[in-house]
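Letter by letter, the chains look like this.
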2 protein chains.
Amino acid sequence: VGELSLIEWIRARFAEGLSRPATGKLIVGPGDDVAVIGLGREKVALKTDVVVAGVHFEAGASARAVGWKAMARSISDLAATAAMPSAAVAAVALGEPGGRAWAEELYLGLEDCARRYGSPVVGGDFASASGPTVVAVSVVGRFDCEPVLRKGAAPGDALYVTGELGGSILGRHLSFEPRLAEGLFLGRSGLGSAMIDVSDGLATDLRHLCRESSVGAVIEEANIPISDAARKRAAATRHRPLDHALADGEDYELLFTVRPAEVERLEREWPGPARIKRIGGMTAPGSGILIRGSGGTERPLLLRGFEHGLPQGGPR
Amino acid sequence: VGELSLIEWIRARFAEGLSRPATGKLIVGPGDDVAVIGLGREKVALKTDVVVAGVHFEAGASARAVGWKAMARSISDLAATAAMPSAAVAAVALGEPGGRAWAEELYLGLEDCARRYGSPVVGGDFASASGPTVVAVSVVGRFDCEPVLRKGAAPGDALYVTGELGGSILGRHLSFEPRLAEGLFLGRSGLGSAMIDVSDGLATDLRHLCRESSVGAVIEEANIPISDAARKRAAATRHRPLDHALADGEDYELLFTVRPAEVERLEREWPGPARIKRIGGMTAPGSGILIRGSGGTERPLLLRGFEHGLPQGGPR
């Protein structure tokens with residue numbers, strides 16, 4: 001079951017208006033990094049993410065790191081809409097790895113990340129399972145600014161990414177810091193016109209952003225921030241470091257756009273801690289998603305992110 | 001890993017004050033039917049529940065019924081605190097049963113229940129898994145009254161339960177209707193002094209309520225509403241129908257208490273649709289949880305609910 005195709009099927013059904021909240025107002029439905037519901041005067045963000053043993057982590061991974069990752073994924077999604085995390089719940093089907101000590105370490109990892117980002121674990125559900133352990137974390141948050149969505153980019157906008165990309169399979173996929181301060185800055189300052197977190201790989205997530213914004217994009221090969229891990233990974237694969245930076249999943253960096261007139265303010269006011277890199281710009285609808293090589297030639301950006309699993313078969 | 005012992009470990013850690021929301025106020029933490037967070041002027045309910053193939057449903061169960069159940073469990077928890085469901089997200093690790101058609105039916109079942117109770121599915125996450133399918137549903141809601149908690153019962157309060165108990169394994173565990181209208185009535189009217197949904201079995205859930213309220217209880221054997229399914233189940237086991245009504249899990253009825261001076265108003269104003277039965281009353285702290293037989297003799301109520309799995313090894 002492809003994640004994208006099933007989500008598209010769900011979104012299509014949703015568009016039919018099958019269901020609306022009885023007690024709230026739906027502001028952002030399925031298909032963005034978080035859902036946004038109006039409850040009274042509050043805009044509430046809601047996101048769930050699931051990690052599965054053997055898919056998102058190896059059986060030998062530290063339980064504490066697995067807990068961190070399970071929580072950090074949802075917080076990264078909130079960051080990518082400029083939502084402030086408020087509270088989290090965790091549903092755990094404990095199979096392999098399992099046992100009481102493993103479960104306690106898992107919870108401590110959830111708590112490590114939750115505490116760091118102000119989103120305590122306020123409840124949960126546990127069941128025993130005969131297969132791989134599954135951890136589903138849901139986070140609620142609120143906004144003190146307008147949500148920054150995948151839609152909102154316009155032709156001419158500059159395209160930026162935080163941090164460095166690729167090779168997260170070598171360890172960073174378990175220990176990354178969600179870009180919460182950065183996402184909140186982009187929302188509160190009004191500088192972010194569109195945003196997504198890079199979980200499926202830059203190429204795939206740029207495609208999502210372009211589709212939701214109904215724009216094209218050109219990225220500059222020379223400007224893609226390639227991580228040391230991508231270079232290290234490339235030494236062990238037949239791919240170039242650039243390919244890893246473009247295609248590997250689970251970077252959990254922020255990919256965002258800024259109006260051309262705001263570029264100077266962005267670069268002047270950028271608070272960090274992650275660095276940003278301008279990697280390209282948005283183009284007219286229908287002009288596709290291109291990558292410009294160092295010689296100036298443009299070619300289509302191949303979709304080399306993967307729905308499930310890295311090309312090398314590792315976790316994502 | 002016992003569910004209760006791990007939850008107790010988590011609550012103990014939580015009591016140490018490890019983490020508090022940065023952007024909200026924690027009103028009710030782990031250990032009640034839902035968590036309650038203050039976001040701005042809103043009180044927001046948050047609950048997650050997980051169902052696992054082979055534990056909570058048989059592999060041959062209808063995917064649509066599994067979806068219904070996965071959603072209805074969380075809504076039942078909201079009902080038990082008088083929260084109004086507003087939106088839901090579903091995290092699915094799709095293993096066995098699986099496949100695209102099964103996943104679509106699962107989603108339709110989630111949607112059936114979500115629509116009926118005004119809590120649309122606004123997002124989700126999917127992953128493939130090699131083991132049993134796991135479905136984790138999280139629901140947010142709001143309150144237009146004070147939450148009704150497990151704590152709040154006082155000695156002298158009358159003890160009531162909705163519907164009929166026992167034998168849900170014969171089918172009702174997949175198709176039950178959460179007692180939302182009933183829970184909201186008990187909250188809005190101010191009549192419910194404490195409440196819990198009966199998911200682990202009457203004996204176990206009464207124990208939870210007594211512990212949180214720091215009271216004892218006496219229930220009347222003759223007043224326990226025994227379902228036809230409990231009688232049918234008893235014909236196939238060595239237990240009495242009463243034992244099934246006391247011990248079987250997954251009734252998803254509401255167990256609640258009412259001040260003695262309010263009993264007459266409760267019975268006069270009760271709106272249904274589920275019927276209620278007065279099954280006993282609350283007693284002084286330390287007097288234990290007793291059951292009074294038809295001859296008037298009192299004996300301790302044995303804890304015969306189970307953390308995972310019915311005594312007959314079926315789903316719960």
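Criteria and thresholds
- Residues numbered from 1 in each chain as written.
- Chains lettered and ligands numbered in written order.
- Predicted model: local features only at pLDDT ≥ 70, side-chain atom pairs only at ≥ 80, totals over all residues.
- Heavy atoms only, no water.
- Helix = DSSP H or I, 4+ residues; strand = E, 2+ residues; numbered from the N terminus.
- Buried < 20%, exposed > 50% of the residue type's maximum accessible area, 1.4 Å probe, protein only.
- Expected span 1.5 Å × (residues − 1).
- Pairing = 2+ DSSP bridges.
- Axes fitted to C-alpha atoms, helices over the stretch in contact; angles between N-to-C directions.
- Parallel < 35°, antiparallel > 145°, perpendicular 65-115°, else oblique.
- Left-handed = near helix turned anticlockwise from the far one by under 90°.
- Contact = heavy atoms within 4.5 Å.
- Least-squares fit on C-alpha atoms with pLDDT ≥ 70 in both.
- Phe/Tyr/Trp six-rings, centres within 6.5 Å; stacked < 30°, edge-to-face > 60°.
- Buried area = accessible area lost by both parts, 1.4 Å probe.
- Salt bridge = Lys/Arg side-chain N within 4 Å of Asp/Glu carboxyl O.
- Polar contact = N/O pair within 3.5 Å; in protein donor to acceptor, adjacent residues only side chain to side chain.
- Nonpolar A, V, L, I, M, F, W, Y, C, P; charged D, E, K, R; others polar.
- Core = buried A, V, L, I, M, F, W, Y, C linked by side-chain atoms within 4.5 Å.

1. Examining the environment of B:M84
All names here are of chain B. Looking at the secondary structure, you find M84 in strand β4 (residues 84-96). Owing to a relative accessible area of 8%, M84 belongs among the buried residues under this scheme. With 57 residues separating them in the primary sequence, M84 and G141 have C-alpha atoms 5.1 Å apart.

2. Focus: helix α6 (residues 202-213) of chain B
Residue and element names in this part refer to chain B. Helix length check: α6 (12 residues) gives 16 Å between terminal C-alpha atoms against 16 Å at 1.5 Å per residue, within 8%. Burial runs high along α6: nine of the 12 residues are buried. Among the residues of α6, L202, A203, T204, D205, L206, H208, L209, C210 and S213 are the ones counted as buried. A positive phi of about 55° marks S214, the residue just after α6.

3. Details of the sheet that holds strand β8 (residues 194-197) of chain B
All names here are of chain B. The sheet built from seven strands is open, its strands ordered β8-β10-β7-β11-β9-β12-β13 with mixed pairing. Looking at which strands have only one partner, the edges of the open sheet turn out to be β8 and β13 (298-300). In this sheet, adjacent strand axes meet at a mean angle of 25° when their direction is disregarded. Here four bridges tie β8 to strand β10 (residues 254-258), and the two strands are oriented antiparallel to one another. Looking at β10, one finds that A194 is bridged to T257.

4. Quick look at unusual backbone geometry
Residue A:P273 follows A:G272 across a cis peptide bond; omega there is 5°. Structurally, the position occupied by A:P273 is in the loop between α9 (263-269) and β11 (276-283). Cis geometry is found at the peptide bond from B:E96 to B:P97, where omega equals -5°. Relative to the assigned elements, B:P97 resides in the loop between β4 and α3 (100-116). In this structure, A:E250 is a non-glycine residue whose phi angle is positive, near 65°. With respect to the secondary-structure elements, A:E250 resides in the loop between α8 (241-247) and β10 (253-258). Of note, A:Y252 is a non-glycine position whose phi angle comes to about 55°, a positive value. Secondary-structure assignment places A:Y252 in the loop between α8 and β10. On the basis of relative accessibility, which here comes to 2%, the residue A:Y252 falls in the buried class.

5. A word on the packing of helix α2 (residues 63-79) of chain A against helix α3 (residues 100-116) of chain A
All names here are of chain A. Between α2 and α3, the shortest axis-to-axis distance is 6 Å and the interhelical angle comes to 40°. Of the possible angle classes, the one that applies to α2 and α3 is oblique. The hand of the α2/α3 crossing is right-handed. Between α2 and α3, the contacting residues are A63, R64, V66, G67, W68, A70, M71, A72 and I75 on the first element and W102, E105, L106, L108, G109, L110, D112, C113, A114 and R116 on the second.

6. Concerning the relation of the copies chain B and chain A
When chain B is fitted to chain A, the residual RMSD is 0.0 Å, and the transformation amounts to a turn of 180° plus an axial shift of 0.0 Å. The superposition of one copy onto the other is thereby described by a two-fold rotation axis. For chain B, the minimum C-alpha distance to the rotation axis belongs to B:G131 and amounts to 2.2 Å. When the interface residues of chain B are mapped onto chain A, 100% of them again fall at the interface, so both copies present the same face.

7. Quick word on the packing of aromatic side chains
Given two aromatic rings, one states the distance between the centres and the angle between the planes to describe the pair. Residue and element names in this part refer to chain B. Going through the model one piece at a time under the given rule, you end up with 10 aromatic pairs over all chains. Each ring, one from Y160 and one from F256, has its centre 5.6 Å from the other, and the planes form 10°; the classification is stacked. With Y160 in strand β7 (residues 158-162) and F256 in strand β10, the pair connects residues that are 96 residues apart, well separated along the chain. Take Y160: its relative accessible area is 0%, and that puts it in the buried class. By relative accessible area, which is 0% here, F256 ends up buried. An angle of 10° between the planes, with centres 6.0 Å apart, marks the rings of F256 and W270 as stacked. Taken together, the positions of F256 in strand β10 and W270 in the loop between α9 (263-269) and β11 (276-283) put the pair 14 residues apart, joining distant regions of the chain.

8. Points about the interface of chain B and chain A
Contacts between the two partners involve 74 residues from chain B and, on the opposite side, 74 residues from chain A. Where chain B abuts chain A, roughly 6100 Å² becomes buried across the two surfaces, and 71% of that area is made up of carbon and sulfur atoms. Taken together, chain B and chain A are joined by two salt bridges. Between B:D125 and A:R73 there is a salt bridge whose closest N-O contact spans 3.3 Å. Our count for the contact surface shared by chain B and chain A stands at five residue pairs in polar contact (both at pLDDT 80 or more). Elements represented by at least two residues in the side of chain B that touches chain A include exactly α1 (3-15), β2 (35-39), β3 (42-52), β4, α3, β5 (121-132) and β6 (134-142) of chain B. Take the side of chain B that touches chain A: its biggest share by element is 12 residues, from β5(B). Here the residues of the side of chain B that touches chain A sort into 42 nonpolar, 18 polar and 14 charged.

9. Re helix α2 (residues 63-79) of chain B
Residue and element names in this part refer to chain B. In this model α2 runs 24 Å from its N-terminal to its C-terminal C-alpha over 17 residues, within 8% of the 24 Å that 1.5 Å per residue would give. Within α2, 16 of the 17 residues are buried, which leaves the element mostly enclosed by the surrounding structure. Residue S62 occupies the N-cap position of α2, its side-chain oxygen lying 3.2 Å from the main-chain nitrogen of R64.

10. Some details on the nonpolar core
Grouped together as the largest cluster of nonpolar side chains are 48 residues, with contacts concentrated most on B:F57, B:V66, B:M71, B:L110 and B:V137. Those elements giving two or more residues to this core turn out to be α1 (3-15) of chain A together with β3, α2, β4, α3, β5, β6 and α5 (180-188) of chain B. No other element matches the 10 residues that α2(B) contributes to this core. By size, the runner-up hydrophobic cluster in this structure holds 47 residues, among which are A:V28, A:W68, A:V139 and B:W9.

11. Details of the environment of A:R275
Residue and element names in this part refer to chain A. Position of R275 relative to the elements: it lies in the loop between α9 and β11. Looking at R275, the relative accessible area reads 72%, which means it is exposed. For the pair R275 and G163, spaced 112 residues apart in the sequence, the C-alpha separation amounts to 5.5 Å. Excluding residues that lie within four positions of it along the chain, R275 makes contacts with V161, T162, G163 and W270.

12. A closer look at the pattern of salt bridges
Taken as a whole and assessed by the stated rule, the structure comprises 50 salt bridges over all chains. For B:R268, the salt bridge goes to B:E264, with nearest N and O atoms at 3.9 Å. A residue pair is termed a helical-turn pair when its members lie 3 or 4 positions apart in one helix, as B:R268 and B:E264 do in helix α9 at four residues. There is no split in this pair, since B:R268 and B:E264 are both exposed. Two residues, B:R265 and B:E269, come together in a salt bridge whose shortest N-O distance is 3.2 Å. Highlighted residues: B:R265 and B:E269, both in helix α9, separated by four residues, approximately one helical turn. Using a relative accessible area of 34% as the deciding quantity, one classes B:E269 as partly exposed. Among the charged side chains, a network of salt bridges with common partners joins A:D49, A:K69, A:R73, A:E250 and B:D125.

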